[in-house]
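Structural overview
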Amino acid sequence: MPSRSSRVRVGVLISGSGSNLRALLDQQATQADAVGEVVVVGSDRADAGGLERARAAGIPTIVRPLAPGDDRDAWEARLRADLATHDVEVVVLAGFMRILSEAFLHGWPDAVVNVHPSLLPAFRGAHAVRDALAEGVKLTGATVHLVDEQVDHGPIIAQQAVAVLPEDDEATLHARIRAVEHELLPRCVELLCAGRLRIEGRSVRLLDADAVASPSPDHPRIDRSES
Ligand code: GRF
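It should be emphasised that the depicted structure is a prediction, and the values quoted were computed from it without experimental measurement. (Residues numbered from 1 in each chain as written. Predicted model: local features only at pLDDT ≥ 70, side-chain atom pairs only at ≥ 80, totals over all residues. Heavy atoms only, no water.)

**Let's talk about the overall build of the protein chain**
The secondary structure content of the protein chain amounts to six helices and 10 strands. Over its C-alpha atoms, taken along the principal directions, the protein chain stretches across nearly 50 × 40 × 35 Å. Looking at the protein chain residue by residue over its 227 residues, the buried ones come to 46%. Long-range contacts, defined here as pairs at least 24 residues apart, represent 62% of the contacts in the protein chain between residues at least 6 apart. Surface accessibility of the protein chain: about 11100 Å² in total, with carbon and sulfur atoms responsible for 52%. Of the side-chain charges in the protein chain, 24 are positive and 33 negative, and the distance between the mean point of each set is 2 Å. (Helix = DSSP H or I, 4+ residues; strand = E, 2+ residues; numbered from the N terminus. Buried < 20%, exposed > 50% of the residue type's maximum accessible area, 1.4 Å probe, protein only. Contact = heavy atoms within 4.5 Å. Areas by Shrake-Rupley, 256 points an atom, 1.4 Å probe, with all protein chains shown as cover. Lys, Arg positive; Asp, Glu negative; His and termini not counted. Charge placed at Lys NZ, Arg CZ, Asp CG, Glu CD.)

**Re the packing of aromatic side chains**
What the rule picks out here adds up to two aromatic pairs. With centroids separated by 6.3 Å and ring planes inclined at 10°, the aromatic side chains of Trp75 and Phe96 adopt a geometry described as stacked. Within this pair, whereas Trp75 is found in helix α3 (residues 72-85), its partner Phe96 is found in the loop between β4 (90-93) and α4 (102-106), the two being separated by 21 residues in sequence. Accessibility expressed as a relative area gives 1% for Trp75, which makes it buried. Exposure remark for Phe96: the relative accessible area of 7% places this residue in the buried category. Consider the rings of Phe104 and Trp108, whose centres lie 5.1 Å apart with planes at 35°: the pair is tilted. Given a relative accessible area of 0%, Phe104 falls into the buried group. (Phe/Tyr/Trp six-rings, centres within 6.5 Å; stacked < 30°, edge-to-face > 60°.)

**Some details on the packing of helix α5 (residues 128-135) against helix α6 (residues 170-193)**
Axis separation between α5 and α6 bottoms out at 10 Å; the angle between their running directions is 120°. Between α5 and α6 lies a crossing whose hand is right-handed. Contacts between α5 and α6 involve Val129, Arg130 and Leu133 on the former and, on the latter, Glu170, Leu173, His174 and Ile177. (Axes fitted to C-alpha atoms, helices over the stretch in contact; angles between N-to-C directions. Left-handed = near helix turned anticlockwise from the far one by under 90°.)

**Focus: the pattern of salt bridges**
The tally for this structure, following the rule as stated, stands at nine salt bridges. Asp44 serves as the salt-bridge partner of Arg98, at 2.8 Å between the closest nitrogen and oxygen. On the criterion of sequence distance, the pair formed by Arg98 in the loop between β4 and α4 and Asp44 in the loop between β2 (36-43) and α2 (49-56) is long-range, its members being 54 residues apart. What you see here is one network of salt bridges that share partners, running through Arg198, Glu200 and Arg205. (Salt bridge = Lys/Arg side-chain N within 4 Å of Asp/Glu carboxyl O.)

**Considering α2**
In an α-helix, one turn spans 3.6 residues, which is why side chains three or four residues apart end up on the same side. Where α2 is concerned, the buried positions are Gly50, Leu51 and Ala54. All buried residues of α2 lie within an arc of 105° about the axis, which places them on one face of the element. For α2, exposure combined with an orientation more than 90 degrees from the buried face picks out Glu52 and Ala56. Against β1 (8-14), α1 (19-30), β2 and β3 (61-63) lie the buried residues of α2. (Arc of directions from axis to C-beta.)

**Considerations on the nonpolar core**
The biggest cluster of nonpolar side chains holds 58 residues, and the ones touching the most others in it are Val12, Leu13, Val41 and Val92. No other element matches the 10 residues that α6 contributes to this core. Setting aside chain neighbours within four positions, we find Val92 in contact with Val10, Gly11, Val12, Leu13, Leu24, Val113, Leu185 and Val189. (Core = buried A, V, L, I, M, F, W, Y, C linked by side-chain atoms within 4.5 Å.)

**Here's the deal with the environment of Gln160**
Relative to the elements of secondary structure, Gln160 occurs in strand β7 (residues 156-163). The class of Gln160 is partly exposed, set by a relative accessible area of 34%. For the pair Gln160 and Ala142, spaced 18 residues apart in sequence, the C-alpha separation works out to 5.5 Å. For Gln160, the contacting residues outside a window of four places in its chain are Leu119, Thr140, Gly141, Ala142, Val180, Leu184 and Arg187.

**A word on the side chain of Ser19**
If you trace the backbone, Ser19 turns up in helix α1. For Ser19, a relative accessible area of 8% translates into the label buried. Residues contacting Ser19, with those up to four places away along its chain left out, are Arg53, Arg178 and His182.

Below is the structure:
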């Protein structure tokens, strides 16, 4: 197992129950050669259930609420500084219900990941499951993607479909999508941490494990093609 210091430092931002955070923590706890390590969990909500999960796992937590009328730039700068204090190298948005600015993203180029409950580019936004049901689609799913300056838009790392059943409501459908997310997100975070993703325009290609040098300042985690 790699020593603690050699693992890639992951910061997770949440707003809700944190079931995806739990999946990530479980994977990192059980996979002996896991490359990523969650070192801090941040939230805009003091009552986010996932904070308790993090504390129970002995992981430091940060709560930065944002009330209407607050200075958004100052809030975001504090959040960014919080993550930097923990030397975070990869940021995972696991049900974080805030949009982050370009300035924030510049702090972690191509190293901010989001999980979204639809097959993007279908059903962007905060009500993806409800919107899929309203549209009557027969197939929806989960997407893990790199975050860019547009909402639910960056290069897609992985997707998996989930069938919509005639008797589904938002809760039942979202539960099955979450189950898929719990497999997909940890796998994608691990691939990113291991330096196995190569971005070619809008596409993300998976590199063979033996073709990848260990991530270091000279070997960034993301390989970006100029073509
Ligand atoms: C997930 O469905 C994710 O796709 C969306 O928010 C939900 C978070 O769920 N962005 P949880 O807090 O991880 O349970």
